[in-house]
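Each chain is listed here by its residues.
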Amino acid sequence: MSTDQIARTFVEYYEERGHRRITGSTLLPPPGDPVLFTTSGMHPLTPYLEGRPHPLGRRLVNLQRCLRTTDLDEVGDRTHLTVFEMLGTWSLGDYEGPSSLEWGYGLLTEGFGVDPALLHVTVFGGDDRTGPDTASLELWQGHGVPVELTVEDNWWSNGPTGPCGPDSEIFLWTGDTPPRSTPTGDDRWVEVWNHVMMRHRRLADGSLVPLPQRNVDTGLGLERLASLLQGRTSVFECDVFDPWRRLVPVLWPLDEPSLRLVYDHLRSAVVVIGDGTLPAPTGRGYVLRRLIRRVLTVLRRDDPSRGLGDLPDELVPHTLDHFRQETDPDTVRRVLLEEEHRFDRLLERGRRVLARPRFRGPLGEEDFRYLHDTHGLPRDLVLSLRPQ
Ligand code: SER
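Fair warning: this is a prediction, and the values are worked out from it, not measured in the lab.

A. Inspection of the nonpolar core at higher detail. Judged by nonpolar contacts, the single largest core of 90 residues is most densely connected at F10, W140, W193, W252, V262 and L308. For this core, the element with the highest residue contribution is helix α7 (residues 256–274), accounting for ten residues. Each residue touching W252, except ones within four places of it in the same chain, is listed here: L259, V262, L266, L299, R306, G307, L308, D310 and L311. In this structure, L45, L49, L92 and V196 belong to the second largest nonpolar core, which totals twelve residues.

Now the structure itself:
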């Protein structure tokens, strides 16, 4: 199944069960939201989880693009991407957790053909404030799916305050051997789908109060499920990366970890620009700037002549089309190239400044501060020019 077919199958399955499709939002949260980027499908729905009636009713389904910078250092492993798509379903005070898990099990095993013997789940085991999630436990036991009980790993919240609750996570076995151990004991169990029983709100003092309604919020990482259903070993090998894998290694023969970083960060940069962000010294624009500069640093490491002007034409429109963005591909390319020029000028300045006698020896904290404050040279750039 292609990624598009997986998304369609998912949405139709829930539409047949009374869910209305909402249009996923852009990566940019609504004004006033303290978070820089949309980080999960539930994020734009927060007011409705907190009780405001949604115009399309109590059962919703969507496909939402998300960006997570907390995972930036994990990019390049088999399962994490900076920009990814999340399929989500919501019960806004309608059905409860067991119905959600029942449908999830049905879709995975019958809709997507996953062998039930390759499933493991985790369930909230209870703590001093909230009891164990026995309803989820019983549902899974009824299907004979092995359950691991945890505490912190099975409590989902989007931040220190706001809607939160116990969750049940569904894992798929990806090893070559028959399944063994448990999700926390063996990382060949890969999490694909999280069902959150979102019925609490955490206040600033850490206490929990019930939300006005008992919700269920689920999120499934599309590229991750696609790579598993397509029998691939990493998200970078699912079909959405086909053109990247075909065109980039011949142009820039890098090692596999560097290629993954280039695919992930460039594709993410295209989507962020496509949603209307420009590189800047702070905020969202700074995240974009870091993505582009990390790519340039990797590209130039063994060949300073490499540049984004050589990026094959197909990749920008392919990415914009996939994310249903209408931004002109030439505009995206122009933004990338302008940022590259700015980076080149900065590198040049950095080399000139670092050649001064004052910086011959090892650099201390005061040097880094001076280089940053007076010359606009960030620490990671200084380190790339002068490894310590
Ligand atoms: N909010 C949960 C998550 O992001 C489920 O959608 O994992």
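There is more to say, and it comes next.
B. Main features of the site of the ligand. As a matter of local geometry, the ligand sits amid S40, M42, R68, M86, W156, N194, V196, D217, T218 and G219. In the environment of the ligand, an oxygen atom lies 3.4 Å from a nitrogen or oxygen atom belonging to the backbone of T218. Of all the secondary structure elements, the ones that give two or more residues to the shell around the ligand are β8 (189–202) and β9 (208–221). Take the shell around the ligand: its biggest share by element is three residues, from β9. Residues of the shell around the ligand, tallied by class, amount to four nonpolar, four polar and two charged.

C. Expanded view of a negative patch on the surface. Together, D127, D128, E152 and D153 make up a region of like negative charge exposed at the surface. Take D128: it is sitting in the loop between β4 (119–124) and α4 (134–143).

D. Broad picture of the pairing of β4. Within β4, six of the six residues are buried, leaving the element largely enclosed by the surrounding structure. Across the two faces of β4 the burial is the same, with L119, V121 and V123 and H120, T122 and F124 all buried. With five bridges joining them, β4 and strand β7 (residues 162–173) adopt antiparallel strand pairing. By the bridge assignment for β7, T122 is matched with E169. Pairing between β4 and strand β5 (residues 147–150): four bridges, direction parallel. Counterpart to V123 in the pairing with β5 is L149. Considered for its hand, the β-α-β crossover made up of β4, α4 and β5 is right-handed.

E. The arrangement of empty space enclosed by the protein in detail. Considering all chains together, one arrives at four cavities of 30 Å³ or more under this definition. Empty space within the largest cavity amounts to approximately 50 Å³. If you trace the largest cavity, you find it lined by R78, T79, V190, R224, S227, L228, R232, T233, S234 and V235. No other element matches the three residues that helix α5 (residues 222–229) contributes to the lining of the largest cavity. Class assignment for the residues of the lining of the largest cavity results in three nonpolar, four polar and three charged.

F. Quick peek at the packing of helix α6 (residues 242–251) against helix α9 (residues 315–322). With their axes 11 Å apart at the nearest point, α6 and α9 run at an angle of 165° to one another. Classified by the angle their axes make, α6 and α9 are roughly antiparallel. Judged by the twist between their axes, the crossing of α6 over α9 is left-handed. Packed against α6, whose contacting residues are P243, W244, L247 and V248, the element α9 presents L315, H318 and T319 at the interface.

G. Examining the pairing of strand β3 (residues 83–91) more closely. Buried residues dominate β3, accounting for nine of its nine residues. Residues of β3 alternate between two faces, with V83, E85, L87, T89 and S91 on one and F84, M86, G88 and W90 on the opposite face, all of them buried. Relative to β3, strand β2 (residues 59–67) runs antiparallel, the two sharing nine bridges. By the bridge assignment for β3, L63 is matched with L87. Sheet topology note: the β3/β9 ladder contains six bridges and is antiparallel. Bridge pairing in β9 places S91 opposite V216.

Thresholds, definitions, all that
- Residues numbered from 1 in each chain as written.
- Predicted model: local features only at pLDDT ≥ 70, side-chain atom pairs only at ≥ 80, totals over all residues.
- Heavy atoms only, no water.
- Core = buried A, V, L, I, M, F, W, Y, C linked by side-chain atoms within 4.5 Å.
- Buried < 20%, exposed > 50% of the residue type's maximum accessible area, 1.4 Å probe, protein only.
- Helix = DSSP H or I, 4+ residues; strand = E, 2+ residues; numbered from the N terminus.
- Contact = heavy atoms within 4.5 Å.
- Near = heavy atom within 4 Å.
- Polar contact = N/O pair within 3.5 Å; in protein donor to acceptor, adjacent residues only side chain to side chain.
- Nonpolar A, V, L, I, M, F, W, Y, C, P; charged D, E, K, R; others polar.
- Patch = residues over 30% accessible without salt bridge, like charges linked within 9 Å, V, L, I, M, F, W, Y side chains within 5 Å.
- Areas by Shrake-Rupley, 256 points an atom, 1.4 Å probe, with all protein chains shown as cover.
- Salt bridge = Lys/Arg side-chain N within 4 Å of Asp/Glu carboxyl O.
- Lys, Arg positive; Asp, Glu negative; His and termini not counted.
- Charge placed at Lys NZ, Arg CZ, Asp CG, Glu CD.
- Pairing = 2+ DSSP bridges.
- Right-handed = clockwise from strand over helix to strand, strands pointing away.
- 1 Å grid on protein atoms, 1.4 Å probe; cavity = no way out; pocket = protein on both sides within 12 Å on 5 of 7 lines; lining within 4 Å.
- Points joined across faces, edges and corners; volume = space filled by probe spheres on them.
- Axes fitted to C-alpha atoms, helices over the stretch in contact; angles between N-to-C directions.
- Parallel < 35°, antiparallel > 145°, perpendicular 65-115°, else oblique.
- Left-handed = near helix turned anticlockwise from the far one by under 90°.

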